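Next come the chains, spelled out residue by residue.
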Amino acid sequence: MTWRTADARPAVERYLARNPGLSFVARCGAQLVGCVLCGHDGRRGYLQHLAVDATYRRSGIGRQLVQHCLAKLQQLGIEKVHLDVLVDNKAAQQFWQHLGWSRRDDLQRYSWITSDANA
Ligand SMILES: CC(C)(COP(=O)(O)OP(=O)(O)OC[C@H]1O[C@@H](n2cnc3c(N)ncnc32)[C@H](O)[C@@H]1OP(=O)(O)O)[C@@H](O)C(=O)NCCC(=O)NCCS
């Protein structure tokens, strides 16, 4: 994953406020062991920054976090969900494919940065 100014606390708080009840954390007792950001733009859903503590991987936490997000998006009538995976993150690619997600080879993402920040 890549961390940007968009991942600073105020920015994440704004994201959560715009997308209430869609993002989740996983806890083992008091310890935070997983998280995922989820939102939508009224048309498509988006997952970002799914992460599970390395000690707790391969025990179904990632799958459950994703399932919670998809269930919430479905309740809101969002019919398609997108996510980005870095091209060198082979483990994540295998994870998403294992969960049945379709890799898109028919499009490219273009980005524009509107400030000098490490956005
Ligand atoms: C990707 C990640 C979130 C997966 O979390 P996890 O809790 O280990 O995943 P789960 O245990 O829920 O796995 C669900 C299924 O995917 C499989 N899976 C998980 N990681 C896999 C991998 N690297 N390769 C192949 N299959 C994998 C599991 O075997 C499991 O299969 P099953 O349900 O048929 O038994 C975790 O590896 C992680 O935090 N990675 C670093 C951060 C990252 O790259 N996030 C993704 C950004 S796009």
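Please refer to the structure higher up on the page.
Let us look at the structure shown here. The model shown is predicted, which means the values in this text are computed figures rather than measured ones.

Quick look at the pattern of salt bridges
Note on pairing: side chains with opposite charge can pair once their charged atoms come close.
Here is step 1 of the chain: Applying the stated rule across the entire model yields four salt bridges.
Here is step 2 of the chain: Where Asp106 meets Arg104, a salt bridge forms, and the shortest distance between an N and an O atom there is 2.8 Å.
Here is step 3 of the chain: Under the relative-accessibility criterion, Asp106 is labelled exposed at 57%.
Here is step 4 of the chain: Under the relative-accessibility criterion, Arg104 is labelled partly exposed at 37%.

Section: the site of the ligand
Here is step 1 of the chain: Close contacts around the ligand come from 20 residues, with Leu50, Val52, Arg58, Arg63 and His98 the closest.
Here is step 2 of the chain: Here an oxygen atom of the ligand sits 3.1 Å away from a polar atom, N or O, in the main chain of Ser59.
Here is step 3 of the chain: Take His98: an N or O atom from its side chain is 2.7 Å from an oxygen atom of the ligand.
Here is step 4 of the chain: Mapped by element, the contributors of at least two residues to the shell around the ligand are β3 (45-52), α2 (61-75) and α3 (90-98).
Here is step 5 of the chain: By residue number, the principal contributor to the shell around the ligand is α3, which donates six residues.
Here is step 6 of the chain: Residues that form the shell around the ligand fall into these classes: 10 nonpolar, six polar and four charged.

Some points on unusual backbone geometry
Here is step 1 of the chain: Within the chain, His49 stands out as a residue other than glycine whose phi angle is a positive 55°.
Here is step 2 of the chain: On the basis of relative accessible area, His49 is assigned to the buried category, the value being 18%.
Here is step 3 of the chain: Positive phi values are uncommon outside glycine, yet Arg58 reaches one of about 65°.
Here is step 4 of the chain: Residue placement: Arg58 occurs in the loop between β3 and α2.

Rules used in this analysis
- Residues numbered from 1 in each chain as written.
- Predicted model: local features only at pLDDT ≥ 70, side-chain atom pairs only at ≥ 80, totals over all residues.
- Heavy atoms only, no water.
- Salt bridge = Lys/Arg side-chain N within 4 Å of Asp/Glu carboxyl O.
- Buried < 20%, exposed > 50% of the residue type's maximum accessible area, 1.4 Å probe, protein only.
- Near = heavy atom within 4 Å.
- Polar contact = N/O pair within 3.5 Å; in protein donor to acceptor, adjacent residues only side chain to side chain.
- Helix = DSSP H or I, 4+ residues; strand = E, 2+ residues; numbered from the N terminus.
- Nonpolar A, V, L, I, M, F, W, Y, C, P; charged D, E, K, R; others polar.

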